[in-house]
Structures are given as structure tokens and as C-alpha cells.
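Spelled out, the chains give:
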Amino acid sequence: KNQVEQSPQSLIILEGKNCTLQCNYTVSPFSNLRWYKQDTGRGPVSLTIMTFSENTKSNGRYTATLDADTKQSSLHITASQLSDSASYICVPLKGGYNKLIFGAGTRLAVHP
Amino acid sequence: DAMVIQNPRYQVTQFGKPVTLSCSQTLNHNVMYWYQQKSSQAPKLLFHYYDKDFNNEADTPDNFQSRRPNTSFCFLDIRSPGLGDAAMYLCATTLGLAENEQFFGPGTRLTVL
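This one's a predicted model, so the numbers in the text were calculated from it and none came from an experiment.

Student: With reference to specific residues and values, describe the overall build of chain B.
Tutor: Scanning chain B from terminus to terminus reveals zero helices and eleven strands. Counting helices and strands in the order they occur from the N terminus, chain B gives β-β-β-β-β-β-β-β-β-β-β. Over its C-alpha trace chain B gives a radius of gyration of 13 Å, about what one expects of a compact globule, namely 13 Å for 113 residues. Expressed along its principal axes, the backbone C-alpha trace of chain B runs to roughly 35 × 30 × 30 Å. Expressed as a percentage of its 113 residues, the buried residues of chain B come to 50%. Considering only residue pairs separated by 6 or more positions, chain B has 56% of its internal contacts joining residues 24 or more positions apart. Accessible surface, chain B: about 5,500 Å² in total, of which carbon and sulfur atoms supply 51%. In chain B, the 9 positive side-chain charges and the 10 negative ones have mean positions that sit 10 Å from each other.

Here is the structure:
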């Protein structure tokens with residue numbers, strides 16, 4: 001059973017619009033949750049890292065939310081730009097576990 | 001400044017011809033990881049080094065080997081590449097436990113002819 005489910009699988013939006021990506025996870029015990037941005041043909045780059053006590057965290061136009069009780073997280077992108085076109089990967093970290101558990105990602109395409 | 005460097009960025013090899021991918025880091029992190037990522041899929045952990053201790057994932061084929069001669073460098077050796085091994089190979093590093101942030105390299109795109 002997948003421990004991380006992301007939705008939607010892919011998304012197309014127009015430049016300047018907002019969007020929200022979802023992540024549900026079953027990882028336990030929970031340590032922290034990360035959102036990565038991965039451009040095509042590049043390695044993932046960390047956007048945010050949230051611990052269980054944090055409900056929201058922003059990084060520029062990216063805002064992540066976390067509900068550790070329902071094991072849900074979202075990534076909201078405001079005023080999208082063409083450069084936001086990428087895959088966004090949710091990675092909940094299992095406490096005491098020295099490995100990352102990756103979601104399959106949401107592929108976002110921002111069109112002019 | 002690049003912190004995790006992977007060479008080459010693109011590698012083409014022939015079926016069955018051994019190939020070595022390289023990763024170096026300037027962060028002095030003690031943990032280094034190798035991931036395989038196929039198109040539209042999540043990265044899949046192959047193995048990692050915690051200091052000098054090698055940790056192989058149970059489902060990593062024997063065809064994949066790794067070497068870490070020192071803290072800064074780690075190599076991925078594919079002894080007999082098959083067509084199914086064509087993928088992006090990502091190197092990542094972290095300090096201590098994975099609870100700390102992992103830094104990824106840009107990846108090496110491997111093509112097998």
C-alpha cells in the first residue's frame with residue numbers, strides 16, 4: 001500500500017492563477033513533511049520542511065499546510081509563473097528512519 | 001556554488017557495458033544516497049552510506065554496486081546495464097539522520113543502447 005498519495009497527478013493552469021496540490025500520507029511515526037520541486041531533468045529542490053507542530057509554512061509564493069491529525073498536507077502556489085512548471089513531490093518522513101518516502105508527485109504545467 | 005555535483009550529467013552506454021556514475025559533495029555530510037528515478041515515477045532508493053557503513057535496499061539488484069572512498073565522493077557502478085536500467089540517477093546527501101534536510105544533485109541521465 002502506498003504510504004503517500006498525491007493529487008492531482010497532473011495539472012494545467014494559466015500563468016497568474018493560483019493552485020493547490022494535495023498530499024495524504026500514512027507514515028507513522030511521523031517526523032516531518034517536506035515538499036520538493038523537481039524541474040524536468042533535474043534533482044529535487046526542497047521548498048518547505050514542516051514538523052508535526054507546524055500548521056503552515058511559507059516560502060515566497062509557496063505555502064504549505066499540514067494537518068498531522070488527519071495526515072494531510074497541501075501546497076498552495078500563488079500567482080503562478082511559467083517557471084513553476086515542474087513536478088511537486090510530497091515526502092513525509094518516518095521518525096527514526098533514515099530514508100525518505102516519496103510521493104509520486106504532481107506534474108504542474110503553467111501555460112501563458 | 002554547487003554543493004552536490006554529479007558527473008557526467010548525461011551518460012550513454014551499451015547493453016552489458018559497465019558504467020560508473022560519480023557524485024561529490026562539498027557539504028561534508030556523512031550520509032550519501034543513490035536513487036534511481038524512471039520517467040514520471042518517484043525516486044527509488046538503491047542504497048546509502050552512513051559514514052562508511054553501506055546500507056543496501058532489499059530490492060536493489062546485484063547489478064548495482066557502490067563505493068565511497070572518502071567523505072566527499074561516492075560512485076555508482078552498474079556492472080551489466082540492461083535496457084531497464086535507463087533512468088535518472090540521483091545522488092543526495094544529509095548530515096546525520098534523514099530528519100535533516102537532504103540535498104540532491106542534478107542527476108545523471110543514463111541511456112542504454
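Still more to cover.
Student: Any chance you could break down the pairing of strand S7 (residues 64-67) of chain B for me, citing the residues and the numbers?
Tutor: All names here are of chain B. Of the two faces of S7, the one lined by Phe64 and Ser66 is fully buried and the one lined by Gln65 and Arg67 carries no buried residue. Strand direction decides the pairing type here: S7 and strand S8 (residues 73-78), joined by four bridges, are antiparallel. Note that in S8 the partner of Ser66 across the bridge is Leu76. Here S7 hands over to S8 after five residues, the two strands then running antiparallel side by side.

Student: Help me get a handle on the state of the cysteines, residues and values and all.
Tutor: Going through the model one piece at a time under the given rule, you end up with two disulfides over all chains. Between the sulfur atoms of Cys23(A) and its disulfide mate Cys90(A) the distance is 2.0 Å. Disulfide Cys23(A)-Cys90(A): the torsion about the S-S bond is -65°, which places it as left-handed. Pair noted here: Cys23(A) is in strand S3 (residues 19-25) and Cys90(A) is in strand S9 (residues 86-94), with a separation of 67 residues, a long-range link. Using a relative accessible area of 0% as the deciding quantity, one classes Cys23(A) as buried. A disulfide bridge connects Cys23(B) with Cys91(B), and the sulfur atoms are separated by 1.9 Å. Taking the sign of the S-S torsion, -70° for the link of Cys23(B) and Cys91(B), the bridge is left-handed. Here the residue Cys23(B) occupies a position in strand S3 (residues 19-25), and Cys91(B) occupies one in strand S9 (residues 87-94), the gap between them amounting to 68 residues. Taken as a pair, Cys23(B) and Cys91(B) share a single burial class, namely buried.

Student: I'd like to hear about the sheet that holds S9(A), residue by residue, with values.
Tutor: Residue and element names in this part refer to chain A. Read from one edge of the open sheet, five strands run S2-S10-S9-S4-S5, paired in mixed fashion. Strands at the two margins of the open sheet, each flanked by one partner only, are strand S2 (10-14) and strand S5 (45-51). Averaged over all pairs of adjacent strands, the angle between their axes in this sheet comes to 20°, without regard to strand direction.

Student: I'd love a proper account of the packing of aromatic side chains, names of residues and values included.
Tutor: The final tally for this structure, using the stated rule, is twelve aromatic pairs over all chains. Arranged with centres 5.5 Å apart and planes meeting at 85°, the rings of Tyr36(A) and Phe104(B) form a pair that is edge-to-face. Linking Tyr36(A) in strand S4 (residues 30-38) with Phe104(B) in strand S10 (residues 103-104), this pair reaches from one chain into another. Through a chain of ring-to-ring contacts, three or more aromatic side chains come together here, namely Tyr36(A), Phe102(A), Tyr33(B), Tyr35(B) and Phe104(B). In this structure, Arg61(A) packs its charged tip against the face of Tyr62(A), placed 5.7 Å from the ring centre.

Criteria and thresholds
- Residues numbered from 1 in each chain as written.
- Chains lettered and ligands numbered in written order.
- Predicted model: local features only at pLDDT ≥ 70, side-chain atom pairs only at ≥ 80, totals over all residues.
- Heavy atoms only, no water.
- Helix = DSSP H or I, 4+ residues; strand = E, 2+ residues; numbered from the N terminus.
- Rg over C-alpha atoms; globule rule 2.2 N^0.38 Å.
- Buried < 20%, exposed > 50% of the residue type's maximum accessible area, 1.4 Å probe, protein only.
- Contact = heavy atoms within 4.5 Å.
- Areas by Shrake-Rupley, 256 points an atom, 1.4 Å probe, with all protein chains shown as cover.
- Lys, Arg positive; Asp, Glu negative; His and termini not counted.
- Charge placed at Lys NZ, Arg CZ, Asp CG, Glu CD.
- Pairing = 2+ DSSP bridges.
- Disulfide = S-S within 2.5 Å.
- Axes fitted to C-alpha atoms, helices over the stretch in contact; angles between N-to-C directions.
- Phe/Tyr/Trp six-rings, centres within 6.5 Å; stacked < 30°, edge-to-face > 60°.
- Lys NZ or Arg CZ within 6 Å of the ring centre and 35° of its normal.

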